[in-house]
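Here are the chains, one letter per residue:
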Amino acid sequence: MNRLNRDQMAARVARDIPEGAYVNLGIGLPTKVANYLPAEREIFLQSENGLLGMGPAPAPGEEDWELINAGKQAVTLLTGGCFFHHADSFAMMRGGHLDICVLGAFQVSTTGDLANWHTGAPDAIPAVGGAMDLAIGAKQTFVMMELLTKQGESKLVEECTYPLTGLGCVSRVYTDLAVFDVGPDGASVIEMVEGLTIEELQRVTGLNLNFSKSVEAA
Amino acid sequence: MNRLNRDQMAARVARDIPEGAYVNLGIGLPTKVANYLPAEREIFLQSENGLLGMGPAPAPGEEDWELINAGKQAVTLLTGGCFFHHADSFAMMRGGHLDICVLGAFQVSTTGDLANWHTGAPDAIPAVGGAMDLAIGAKQTFVMMELLTKQGESKLVEECTYPLTGLGCVSRVYTDLAVFDVGPDGASVIEMVEGLTIEELQRVTGLNLNFSKSVEAA
Amino acid sequence: MIDKAIDGAAAAVADIHDGASVMIGGFGTAGMPDELIDALIARGVGDLTIINNNAGNGEHGVAALIREGRVRKIVCSFPRQSDSHHFDAAYRAGKIELELVPQGNLAARIQAAGAGLGAIFTPTGYGTLLAEGKEVREIDGKHYVLEYPIHADFALIKAHKGDRWGNLVFRKTARNFGPIMAMAAKTTIAQVAQIVPLGDLDPEVVVTPGIFVQRVVPIVSDNIAIAA
Amino acid sequence: MIDKAIDGAAAAVADIHDGASVMIGGFGTAGMPDELIDALIARGVGDLTIINNNAGNGEHGVAALIREGRVRKIVCSFPRQSDSHHFDAAYRAGKIELELVPQGNLAARIQAAGAGLGAIFTPTGYGTLLAEGKEVREIDGKHYVLEYPIHADFALIKAHKGDRWGNLVFRKTARNFGPIMAMAAKTTIAQVAQIVPLGDLDPEVVVTPGIFVQRVVPIVSDNIAIAA
């Protein structure tokens, strides 16, 4: 079975981001998506700390620590990019102006609930950052995650057991094994890696999955 | 009796505006106050249409119709002034950042209610503009008006009969006959023109007025 | 390559449809997108809801839209102007609906729409005719009125310079409602005096980031001097 | 003549009192007013409520304030950082109160305070732990949580350049919370890399008008390159 590695997952997500899209890539795994956006496609990356038109990391030694991303790493600004304050930045998210937001997750439910900010462990110090704003703000929220935990449990679930980040906010889930559409009608598998069968995906997730015609035909 | 004319009223209001004050002068009569602010006193005039540091009218022929005040007259910008959008401009008012707002009025009540936007006439087309925002936003709202109507009725009243602009928002009323503090404790006369008596002011207003010690001693 | 520049006002407003809600920037003549309004009139669609600070005066712009019977409803703070006879006549004849909004609430409600808020408690208007029938609440000893966001299908605004990504800068008090309307409308159409190459606008100085602007129309107006 | 320039961070923070609420700008190192925080620590007052996006890391800034036991409560979105051990220890020991706020609600609540709103209905956080016990409402088919403004006695922010009237411009992503905190605090103290003569800042380009700034402190930091 051709399980995708993290770079392959990032490349897969990048394929679905069209020219002209306004996109926020969450901290962690989603950051990798930037590496796979084709240079000839003009795509606008937003960073929650007040930056639109984010460019790649600067060359070592060229860092400007007043030009950073949400992960507090040094970045650059593309020609045509601009700066704004925090209220405008989150208005951009909350007001539905971003086309796509790509986030990591602990769990996603088949109806699109997202859990990605807090494990719920009683001794954990909670921290939310911009996760809840990002989850609900963009026109489409994509999640990018390995489908199974190290213990082999599905992170795509009937109902999230971790504390929620947002309700019904995720529209698509990219994993190392399959790509799912999620929402009010439940989860549909729209793509599977080579060598994976419908039966096996049903088994490892333990979910009642729909399969798109193209997947069934494959 | 030395009834003040409109320029004298404007000069009287100007006396009470200290250096460094952020001030909005309403359309009409209050606009005249600007003419009496001493040049050596730095005072910041705000205009609701997105301008702080408003200067005097330009010389004829020098008008820039993209540099106007709330009354849509051409103005200038002082060195150090700046521009901003409408939401920020009204945040400046509503958020309590202006020190003083000077407005005209149809009526003011002894408790500081203001009526200055609508006569309530059934066939009148209502128009409010920034009046309600200005009335309630500044740290102090001053009213400037002739005390009596042409028919001799007091415009300082127990209770406004015209539709209200704001409740309990006026702190001081400058008129051609006297200056009043108004508020929860009612109206106090803090100044009268020469030749006017306490008895006469009581009579023409028909109000139960308090008089400050200095007025009583005069 | 993304290029939001569009040639001519007519093309820019070609999808504004009957029944659309249309924000129009401007305060006085400053920031009024005259050529876009003319193109909207020429398009001939009606039943429009117009959001503007005023209700037009004289014979052009919003006044002309009203004169031609294209406006079902107007949301504004100050309809009565020196020469607002077309609005006055339509209003007295019951041919136009008026939603009168204090100017700061108008700005705050437009900003709330752009920011995705569901409603705001504002102190402006409390205890007045304009709050009648509205929900009120006392918070920390002050009284507030609940007001809802104002969204629109389109915003027509006028900026000073723009680039192909839709970044805008404004000029003096022509800024007024432009930046917040751009955020509140589904489709924002900005007429600009000049389209400049990408990168010419200093990233610190862009007032409206391109994400809020869908179309940029270069139109040289002759009535306003253009500073460098 | 109005001159808001003040000589030295110590003088600038000299009236911050025990029990004060203090907003501190900055996101990461960008826009963090380090020298003002150092002066606040040196001043020795405690029982403070701090509003910042984070809860400090390492040994300086907000982390040092917490280490010295000066902070009764912190309002922030992301207290857990790579090196936030002073916050972590104080929190686990029950020595500091945490109000955890989603970052966009933090920004919106600060902005609401500056704009004089009484409360806002925001969609962020609906249906989550962070909305527990809060008023919710469905408006036009979407769900919202009622959130209240965050005011403060003082704001400590870092800008790029300022003038004697308090006008400010910022640099790159160091802008972040500065402009909205300046509007939300009774007294805003801005450290700037440079004070320029009145008129040097282009009126179109001023990000924070002087009305929102009470004190401007020129401080040349050596850790950030200063662009022209």
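Scroll up to find the structure this text is about.
Worth saying up front: this structure is predicted, and the values here are computed from it rather than measured. (Residues numbered from 1 in each chain as written. Chains lettered and ligands numbered in written order. Predicted model: local features only at pLDDT ≥ 70, side-chain atom pairs only at ≥ 80, totals over all residues. Heavy atoms only, no water.)

## Regarding the overall build of chain A
In plain terms, the rule: Helix and strand assignments come from DSSP, with helices taken as H or I runs of at least 4 residues and strands as E runs of at least 2, each series counted from the N terminus. Summary of the burial criterion: residues with accessible area below 20% of their type's maximum are buried, those above 50% are exposed, and those between are partly exposed, where the area comes from a 1.4 Å probe applied to protein chains only. Pairs of residues are marked as contacts when any of their non-hydrogen atoms sit within 4.5 Å. Here the open area of atoms and residues is found with the Shrake-Rupley method and a 1.4 Å probe, where only the protein chains shown may cover a residue. Working convention for charge: Lys and Arg count positive, Asp and Glu count negative, and His plus the chain ends are omitted. The atom standing in for a charge is NZ when the residue is Lys, CZ when it is Arg, CG when it is Asp and CD when it is Glu.
If you tally the helices and strands in chain A, you get five helices and 13 strands. C-alpha atoms of chain A, sized along the principal axes, occupy 50 × 45 × 30 Å. Counting across all 218 residues of chain A, residues that qualify as buried make up 57%. Sequence separation of 24 or more characterises 60% of the internal contacts of chain A that already satisfy a separation of 6 or more. For chain A, the accessible area works out to roughly 8,700 Å², and carbon and sulfur atoms hold 49% of it. Side chains of chain A give 14 positive and 27 negative charges; the mean places of these two sets differ by 3 Å.

## Thoughts on the overall build of chain C
Here is the rule: The globule rule used here is 2.2 Å times the number of residues to the 0.38 power, and the radius of gyration it is set against is calculated over C-alpha atoms.
For chain C, the count of helices and strands is six helices and eleven strands. Over its C-alpha trace chain C gives a radius of gyration of 18 Å, about what one expects of a compact globule, namely 17 Å for 228 residues. The buried share of chain C, taken over its 228 residues, is 65%. Contacts in chain C between residues at least 24 apart in sequence constitute 74% of all its contacts with a sequence separation of at least 6.

## What to know about the interface of chain C and chain B
Our working definition: A 1.4 Å probe defines the accessible area here, and the buried area is the portion of it lost by two parts on being joined, summed over both. Salt bridge criterion: a side-chain nitrogen from Lys or Arg within 4 Å of a carboxyl oxygen from Asp or Glu. Counting of polar contacts relies on pairs of N or O atoms within 3.5 Å, with two restrictions inside protein: one atom must be capable of donating a hydrogen and the other of accepting it, and residues adjacent in sequence are counted only when both atoms are side-chain atoms. Residues are grouped as follows: nonpolar covers Ala, Val, Leu, Ile, Met, Phe, Trp, Tyr, Cys and Pro; charged covers Asp, Glu, Lys and Arg; every other residue, Gly included, is treated as polar.
If you look at the interface, chain C gives 44 residues, while chain B gives 36 residues. Summing both sides of the interface, chain C and chain B together bury roughly 3,400 Å²; the carbon and sulfur share of this comes to 63%. Considering only the surface of chain C that becomes buried against chain B, C:Phe27, C:Lys172 and C:Thr173 emerge as the three largest contributors, covering 18% of it. The interface formed by chain C and chain B contains three salt bridges. The residue B:Glu66 makes a salt bridge to C:Arg171 at a minimum N-O spacing of 2.8 Å. Linking chain C to chain B there are 17 residue pairs in polar contact (both at pLDDT 80 or more). Secondary-structure elements contributing two or more residues to the side of chain C that touches chain B are helix 4 (85-92), strand 4 (97-100), helix 5 (103-114) and helix 6 (178-184) of chain C. Tallied by class, residues from the side of chain C that touches chain B come to 21 nonpolar, 16 polar and seven charged.

## Details of helix 5 (residues 103-114) of chain D
Residue and element names in this part refer to chain D. Stated formally: Working rule for helices: expected span equals 1.5 Å times residues minus one.
Spanning twelve residues, helix 5 covers 17 Å between terminal C-alpha atoms, matching the ideal 16 Å at 1.5 Å per step. Listed in full, the buried residues belonging to helix 5 are Gln103, Gly104, Asn105, Leu106, Ala107, Ala108, Arg109, Ile110, Ala112, Ala113 and Gly114. Count one or two residues on from helix 5 and you reach Gly116, which has phi positive near 75°.

## Comments concerning the sheet that holds strand 6 (residues 107-109) of chain A
As a reminder, the rule being used: When DSSP finds two or more bridges between a pair of strands, those strands are recorded as paired.
Spatially, the three strands line up as an open sheet ordered 7-6-9 (chain A), and their pairing is mixed. Edge positions in the open sheet fall to strand 7 (114-115) and strand 9 (156-157) of chain A, since each of these has one partner strand only.

## Focus on the packing of helix 2 (residues 86-94) of chain B against helix 5 of chain C
Where we set the bar: Lines fitted to the C-alpha atoms define the axes, with helices restricted to the stretch that makes contact. Angles between their N-to-C directions range from 0 to 180 degrees. Orientation labels follow simple angle bins: below 35 degrees gives roughly parallel, above 145 gives roughly antiparallel, 65 to 115 gives roughly perpendicular, and whatever is left gives oblique. Note: crossing handedness is left-handed where the near helix turns anticlockwise from the far helix by less than a right angle, and right-handed where it turns clockwise.
Here helix 2 of chain B crosses helix 5 of chain C at 125°, and the two axes come no closer than 9 Å. As the angle between them shows, helix 2 of chain B and helix 5 of chain C are arranged oblique. For the pair helix 2 of chain B and helix 5 of chain C, the crossing hand works out as left-handed. Where helix 2 of chain B approaches helix 5 of chain C, its residues B:His86, B:Ala87, B:Phe90 and B:Arg94 are matched on the opposing element by C:Gln103, C:Gly104, C:Asn105, C:Ala107, C:Ala108 and C:Gln111. Its residues assigned to classes, the contact of helix 2 of chain B with helix 5 of chain C comprises four nonpolar, five polar and one charged.

## Comments concerning the pairing of strand 11 (residues 178-181) of chain B
Each regular strand shows side chains that alternate between the opposite faces of the sheet. Residue and element names in this part refer to chain B. Where strand 10 (residues 170-174) lies against strand 11, three bridges are found, and the strand directions are antiparallel. Looking at strand 11, one finds that Tyr174 is bridged to Val179. Counting the residues in the hairpin turn of strand 10 and strand 11 gives three residues. Where strand 11 and strand 12 (residues 188-192) come together, four bridges link them in antiparallel fashion. Following the sheet pairing, Val179 is matched in strand 12 by Glu191. Linkage of strand 11 to strand 12, two consecutive antiparallel strands, is achieved through a turn of six residues, within which Gly186 is found at a positive phi near 90°.

## Some words on the sheet that holds strand 9 (residues 156-157) of chain B
All names here are of chain B. Here three strands make up an open sheet; going across it, the order is 7-6-9 and the pairing mixed. The open sheet is flanked by strand 7 (114-115) and strand 9, the only strands paired with a single partner. Strand direction decides the pairing type here: strand 6 (residues 107-109) and strand 7, joined by two bridges, are antiparallel. Directly across from Val108, in strand 7, lies its bridge partner Leu114.

## Observations concerning the state of the cysteines
Covalent bonding between the sulfur atoms of two cysteines defines a disulfide. Residue and element names in this part refer to chain A. As a reminder, the rule being used: Cysteine sulfur atoms are paired as a disulfide whenever they come within 2.5 Å of each other.
In total, this model carries zero disulfides over all chains according to the counting rule given. For Cys82, which is in no disulfide, the shortest distance to another cysteine sulfur is to Cys101 and amounts to 19 Å. Owing to a relative accessible area of 1%, Cys82 belongs among the buried residues under this scheme. Free cysteine Cys169: the closest other cysteine sulfur is in Cys160, separated by 9.0 Å.

## Points about the packing of aromatic side chains
Operational definition: In this scheme Phe, Tyr and Trp rings, the latter by its six-membered ring, pair at centre separations within 6.5 Å, and the angle between planes marks the pair as stacked below 30 degrees, edge-to-face above 60, and tilted otherwise. Look at NZ for Lys and CZ for Arg. If either is within 6 Å of the ring centre and within 35 degrees of the ring normal, a charge sits over the ring.
If you walk through the whole model with that rule in mind, you get eleven aromatic pairs over all chains. For the pair B:Phe44 and D:Trp165, a centre-to-centre distance of 4.6 Å together with 90° between the ring planes defines the contact as edge-to-face. Highlighted residues: B:Phe44 in strand 2 (residues 44-47) and D:Trp165 in the loop between strand 8 (152-162) and strand 9 (168-169), drawn from two different chains. Connected via pairs of aromatic rings, a cluster forms that spans A:Tyr22, A:Phe44 and C:Trp165. We note B:Lys72 situated over the ring of C:Phe27; from NZ or CZ to the ring centre the distance is 4.8 Å.

## Considering the interface of chain A and chain D
Residue-level contacts link 36 residues of chain A with 44 residues of chain D. Carbon and sulfur atoms supply 63% of the area buried between chain A and chain D, which totals about 3,400 Å² over both sides. Our count for the contact surface shared by chain A and chain D stands at three salt bridges. For D:Lys172, the salt bridge is made with A:Asp64, and the minimal N-O distance between the two is 3.1 Å. Viewed at the interface, chain D and chain A are joined by 17 residue pairs in polar contact (both at pLDDT 80 or more). Sorting the residues of the side of chain A that touches chain D by element identifies helix 2 (86-94) and helix 3 (131-137) of chain A as the ones contributing at least two each.

## Notes on the environment of B:Leu37
Residues and elements named next belong to chain B. On the secondary structure map, Leu37 appears in the loop between strand 1 (22-25) and strand 2. Judged by its relative accessible area of 16%, Leu37 is buried. Here the alpha-carbon distance between Leu37 and Asn5, two residues 32 residues apart in the chain, equals 17 Å. Beyond its immediate chain neighbours, meaning those up to four positions away, Leu37 contacts Ala14, Ile17, Ile43 and Leu45.

## Structural notes on the pairing of strand 8 (residues 140-144) of chain A
Residues and elements named next belong to chain A. Counting buried residues in strand 8 gives four out of five residues, a clear majority hidden from the surface. One ladder, built from four bridges, connects strand 5 (residues 100-103) with strand 8; its direction is parallel. Its bridge partner being in strand 8, Val102 is matched across the sheet by Phe142. Pairing of strand 8 with strand 10 (residues 170-174), which is carried by four bridges, proceeds in the parallel orientation. When the bridges of strand 10 are listed, Val143 appears paired with Val173.

## A few points about unusual backbone geometry
With a phi close to 65°, B:Lys72 is a non-glycine residue in the positive phi region. Accessibility expressed as a relative area gives 24% for B:Lys72, which makes it partly exposed. A positive phi is found at D:Asp47, a non-glycine position, where the angle reads about 60°. Following the sequence through the fold, D:Asp47 ends up in the loop between helix 2 (34-43) and strand 2 (48-51). For D:Asp47, a relative accessible area of 42% gives the class partly exposed.

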